Amino acid sequence: MTAERAPTAISSELIATLGRAQTVTVMTGAGVSAESGIATFRDRNDGLWANYRPEDLATPEAFERNPDIVWNWYQWRREQLSLVQPNPAHRALAALECRYRDFTLVTQNVDRLHHRAGSRRVIELHGNIIETICHRTRRLIELEAINDASFVPPRSPYHPEGLARPNVVWFGEALPASALNDATAASACDVFISIGTSSVVQPAASLAVLAKDQGAALIEINPEATPLTGFADFVLTAAAGVCLPQIVERLNRHHPKD
Ligand code: BV8
């Protein structure tokens, strides 16, 4: 456990950097959904799933071995999602998008809370758990159309041995080429803000360093230090739901939208 880091203030230089930026790219991880009550990947799994590590469940091998256990884990996560709302961090990012002609939100999260908060230009690097696909053909499945409760997971209508699975990218699976290409292109920006990610999962974690190598000012927002902290130009040791609304408020005050 890293030592408790004192919260850092939002400097006027950070606000000025965002105020004069033309292109802004944001990368979010599970920490942005933490204040909605969604456990992060590196939080301990509670209750029902306490004996499992996400890395052991979010893989094609785990699904081949125990499709019912993996399916039920995602059903539990979908249920958790149906009970929560976007938090002030999600809403602040939707407001930030309106300030810039060229703003891209790249997320590792699969919960679609950015969409529910009103963000429009969202690149989902790891898919989403709202949609269901056939694990053999990868065709989208309308779950309602096949909700045959006698099978867990439901059988796919598209392949005799097909099973329903969430439309996420599992560890060991390739990211959607179009999403990765668009996110890589968006790393060429004036400011890159990395929020609520442990910066461990690849290739997502390399985008922040790529942005910095191309001349972007790099901001990290996270209550804890990560492998990215040493590269960042600005480090905000804070919860996203606390500091993002403050950033938006100060930008609107000192750099009103033209
Ligand atoms: C691939 C969907 C290749 C599933 C997820 C180098 C290059 C390429 C690959 C690798 C590589 N090294 C290793 C790999 C393999 C692997 C990998 O990265 N492993 C890690 C564990 C080392 N990568 C892959 O397998 C990727 N695929 O590379 O394929 C390939 C190419 C061709 C053909 C075949 C294969 C696929 C990775 C995608 C995995 N899927 N999600 C699901 O969700 O069920 S990743 C999963 O982790 C989530 O999406 C999550 O978002 C993501 C990253 O974690 P974080 O978001 O950072 O969450 P975490 O809990 O770790 O951290 C939360 C942070 O928030 C903390 O820092 C905390 O301090 C902070 N926080 C807490 N509260 C707050 C907060 N911050 C702000 N405010 C708060 N209130």
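Our structure is the block above this text.
Structural notes, computed from the coordinates. (Residues numbered from 1 in each chain as written. Predicted model: local features only at pLDDT ≥ 70, side-chain atom pairs only at ≥ 80, totals over all residues. Heavy atoms only, no water.)

Notes on the packing of helix H1 (residues 12-20) against helix H9 (residues 240-254)
Here comes step 1: The geometry of H1 relative to H9 is characterised by a closest axis approach of 10 Å and an angle of 65° between their N-to-C directions. With respect to their mutual orientation, H1 and H9 come out roughly perpendicular. Remark: the crossing between H1 and H9 carries right-handed chirality. Residue-level contacts link Ser 12, Leu 14, Ile 15, Leu 18 and Gly 19 of H1 to Ile 247, Arg 250 and Leu 251 of H9.
Here comes step 2: Along the lines of polarity and charge, the residues of the contact of H1 with H9 split into five nonpolar, two polar and one charged. (Axes fitted to C-alpha atoms, helices over the stretch in contact; angles between N-to-C directions. Helix = DSSP H or I, 4+ residues; strand = E, 2+ residues; numbered from the N terminus. Parallel < 35°, antiparallel > 145°, perpendicular 65-115°, else oblique. Left-handed = near helix turned anticlockwise from the far one by under 90°. Contact = heavy atoms within 4.5 Å. Nonpolar A, V, L, I, M, F, W, Y, C, P; charged D, E, K, R; others polar.)

Quick notes on empty space enclosed by the protein
Any empty space left between the atoms is revealed when a probe the size of a water molecule rolls over them.
Here comes step 1: In the structure shown here, the tally under the stated rule is one cavity of 30 Å³ or more.
Here comes step 2: Roughly 60 Å³ of internal volume is contained in the largest cavity.
Here comes step 3: Residue lining of the largest cavity: Met 27, Gln 108, Ser 194, Thr 197, Ser 199, Ala 204, Ala 205, Ala 208 and Leu 228, and that is the complete set.
Here comes step 4: Among the residues making up the lining of the largest cavity, the classes are represented as five nonpolar, four polar and no charged. (1 Å grid on protein atoms, 1.4 Å probe; cavity = no way out; pocket = protein on both sides within 12 Å on 5 of 7 lines; lining within 4 Å. Points joined across faces, edges and corners; volume = space filled by probe spheres on them.)

Quick look at the sheet that holds strand E5 (residues 140-141)
Here comes step 1: The three strands are arranged E5-E4-E6 in an open sheet whose pairing can be described as antiparallel. The two strands at the open ends of the sheet, each matched to only one other strand, are E5 and strand E6 (164-168).
Here comes step 2: As defined by bridge partners, strand E4 (residues 127-134) adjoins E5 across two bridges and the pair is classed as antiparallel. Bridge pairing in E5 places Ile 133 opposite Leu 140.
Here comes step 3: Along the sheet, helix H4 (residues 67-82) makes contact with E4 and E6, crossing E4 at roughly 135°. (Pairing = 2+ DSSP bridges.)

Let's talk about the site of the ligand
Here comes step 1: Taken together, 34 residues surround the ligand, and among them Arg 42, Tyr 74, Arg 77, Gln 108 and Ser 198 come closest.
Here comes step 2: Side-chain polar atom of Thr 197 to an oxygen atom of the ligand: 2.7 Å apart, as the coordinates give it.
Here comes step 3: Protein chains bury 74% of the 1,500 Å² of accessible surface belonging to the ligand in isolation.
Here comes step 4: Grouping the constituent residues of the shell around the ligand by class yields 17 nonpolar, twelve polar and five charged. (Near = heavy atom within 4 Å. Polar contact = N/O pair within 3.5 Å; in protein donor to acceptor, adjacent residues only side chain to side chain. Areas by Shrake-Rupley, 256 points an atom, 1.4 Å probe, with all protein chains shown as cover.)

Here's the deal with the side chain of Arg 165
Here comes step 1: With respect to the helices and strands, the residue Arg 165 is situated in strand E6.
Here comes step 2: For Arg 165, a relative accessible area of 2% puts it in the buried group.
Here comes step 3: Here Glu 173 takes part through its side chain, which lies 2.8 Å from a polar atom of the side chain of Arg 165. (Buried < 20%, exposed > 50% of the residue type's maximum accessible area, 1.4 Å probe, protein only.)

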